[in-house]
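# Secondary and tertiary structure notes
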Amino acid sequence: LSVLCMPALCHALLPGALARLHREHGEVGVSVATQDGPLLQEWMAAQRFDLGLTELAEPPPGTRIVPLPAMDEVAVLPAQHPLAAKAVLTPQDFEGQSFISLARDDAYRIQIDAVLAKAQVQRKMLLETLSAVAVCAMVQHGLGVAIVNPLTAHACAGSGDGAGLVVRPLSFSIPFQVHILLPLHLPSSLEVGWLTDCLRSEVQASAERFRPRY
């Protein structure tokens, strides 16, 4: 089974889904390649892989798209941060906080900035990076707080070196959704269906874990 995956999803979603696959269906051989942006779309359109994983909602030519359950972005905080005592964070909780952002042209960064600007929240914006994994690492080292996708937050907080990171849901919604890409001109297989089901289950488990409970 050949899988093409965005690097972030290869870290945050695919390993858990593959563990489910092996638990439920035994030892299935899987080859994983990582790629991002236009090259991921080009390689999937060329029918080079059995399954692709992306955040993009538009399927490239020669593929069909299977949306996974939608989730919301979450807050990540240093474990000893005062806000870690709260069960759910509001926009006002970020007032005056050192905030680690994604890159300025990132679609999620744009939405986060819009929500906090509408709430007239002023943050200390000193650090930004392209990678949600890097954001979580900076938060873990006490450099600030952040808002990232729940899959990366879950993976970083649950890893062996994630003890200094806590995750909290938000009172407002920044939607996050992953999509499966399937080639139209390759024969499907049982293994593709199995992995699709495991990916869906993994996302549902993460969504339930970070659902706000008031």
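Structure first, text after, so check above.
Residues numbered from 1 in each chain as written. Predicted model: local features only at pLDDT ≥ 70, side-chain atom pairs only at ≥ 80, totals over all residues. Heavy atoms only, no water.

## Overview of helix H2 (residues 14-25)
Helix length check: H2, at 12 residues, gives a terminal C-alpha distance of 16 Å against a target of 16 Å (1.5 Å per residue), a fit within 8%. Buried within H2 are the following residues: Leu 14, Ala 17, Leu 18, Arg 20 and Leu 21. The buried residues of H2 occupy one face: seen down the axis, they fall within an arc of 155°. Looking at the packing, one finds that the buried side of H2 touches strand S1 (2-5), helix H1 (7-12), strand S2 (31-34), strand S3 (51-54) and helix H7 (190-209). A positive backbone phi angle near 85° is found at Gly 26, which sits one or two residues after H2. (Helix = DSSP H or I, 4+ residues; strand = E, 2+ residues; numbered from the N terminus. Expected span 1.5 Å × (residues − 1). Buried < 20%, exposed > 50% of the residue type's maximum accessible area, 1.4 Å probe, protein only. Arc of directions from axis to C-beta. Contact = heavy atoms within 4.5 Å.)

## Some points on helix H5 (residues 132-140)
Taken together, the buried positions of H5 are occupied by Ala 132, Val 135, Cys 136 and Val 139. Looking straight down H5, one finds that the buried residues subtend no more than 95° of arc, so they occupy a single side. Its buried side turned inward, H5 meets strand S6 (74-78), strand S7 (98-102), strand S8 (124-129), strand S9 (146-148), helix H6 (150-158) and strand S10 (165-168). With a side-chain oxygen lying 3.2 Å from the backbone nitrogen of Val 133, the N-terminal cap of H5 falls on Ser 131. (Polar contact = N/O pair within 3.5 Å; in protein donor to acceptor, adjacent residues only side chain to side chain.)

## Description of the sheet that holds strand S4 (residues 63-67)
Spatially, 5 strands are ordered S2-S1-S3-S12-S4 in an open sheet, and the strand pairing comes out mixed. Lying at the two open borders of the sheet, with one neighbouring strand each, are S2 and S4. The sheet shows a mean angle of 25° between the axes of neighbouring strands, direction not considered. When S3 meets strand S12 (residues 179-183), the two strands line up antiparallel, connected through 3 bridges. (Pairing = 2+ DSSP bridges. Axes fitted to C-alpha atoms, helices over the stretch in contact; angles between N-to-C directions.)

## Quick word on the side chain of Thr 196
On the secondary structure map, Thr 196 appears in helix H7. Apart from the residues within four sequence positions on either side, Thr 196 is in contact with Leu 51 and Ile 180.

## So, the environment of Leu 51
For Leu 51, the location among the structural elements is in strand S3. Accessibility expressed as a relative area gives 0% for Leu 51, which makes it buried. Considered as a pair, Leu 51 and Pro 150 are 99 residues apart in the sequence and their alpha carbons are 22 Å apart. Apart from residues lying up to four places away in sequence, Leu 51 is in contact with Ser 2, Val 3, Leu 4, Met 44, Ile 180, Leu 181, Leu 182, Val 192, Leu 195, Thr 196 and Leu 199.

## Points about the packing of H5 against H6
Two packed helices can be described by the angle between their axes and the distance between those axes. The interhelical angle for the contact between H5 and H6, taken along N-to-C directions, is 45°, at an axis separation of 10 Å. Of the possible angle classes, the one that applies to H5 and H6 is oblique. Crossing of H5 over H6 shows right-handed handedness. In this structure, H5 contributes Ala 132, Val 133 and Cys 136 to the contact, and H6 contributes Thr 152, Ala 153 and Cys 156. Of the residues belonging to the contact of H5 with H6, the class tally is 5 nonpolar, 1 polar and no charged. (Parallel < 35°, antiparallel > 145°, perpendicular 65-115°, else oblique. Left-handed = near helix turned anticlockwise from the far one by under 90°. Nonpolar A, V, L, I, M, F, W, Y, C, P; charged D, E, K, R; others polar.)

## Examining the pattern of salt bridges
Two side chains bearing opposite charge may form a pair once their charged atoms approach each other closely. In this structure the tally under the stated criterion is 7 salt bridges. In this structure, Arg 20 and Glu 202 form a salt bridge, with 2.5 Å as the shortest nitrogen-oxygen distance. On the criterion of sequence distance, the pair formed by Arg 20 in helix H2 and Glu 202 in helix H7 is long-range, its members being 182 residues apart. Judged by its relative accessible area of 18%, Arg 20 falls in the buried class. For Glu 202, a relative accessible area of 15% corresponds to the buried category. Put simply, Lys 86 and Asp 93 hold a salt bridge, and the shortest N to O gap is 2.9 Å. For Asp 93, a relative accessible area of 14% corresponds to the buried category. A network of salt bridges, in which partner residues are shared, links Arg 104, Arg 109, Asp 113, Arg 123 and Glu 128. (Salt bridge = Lys/Arg side-chain N within 4 Å of Asp/Glu carboxyl O.)

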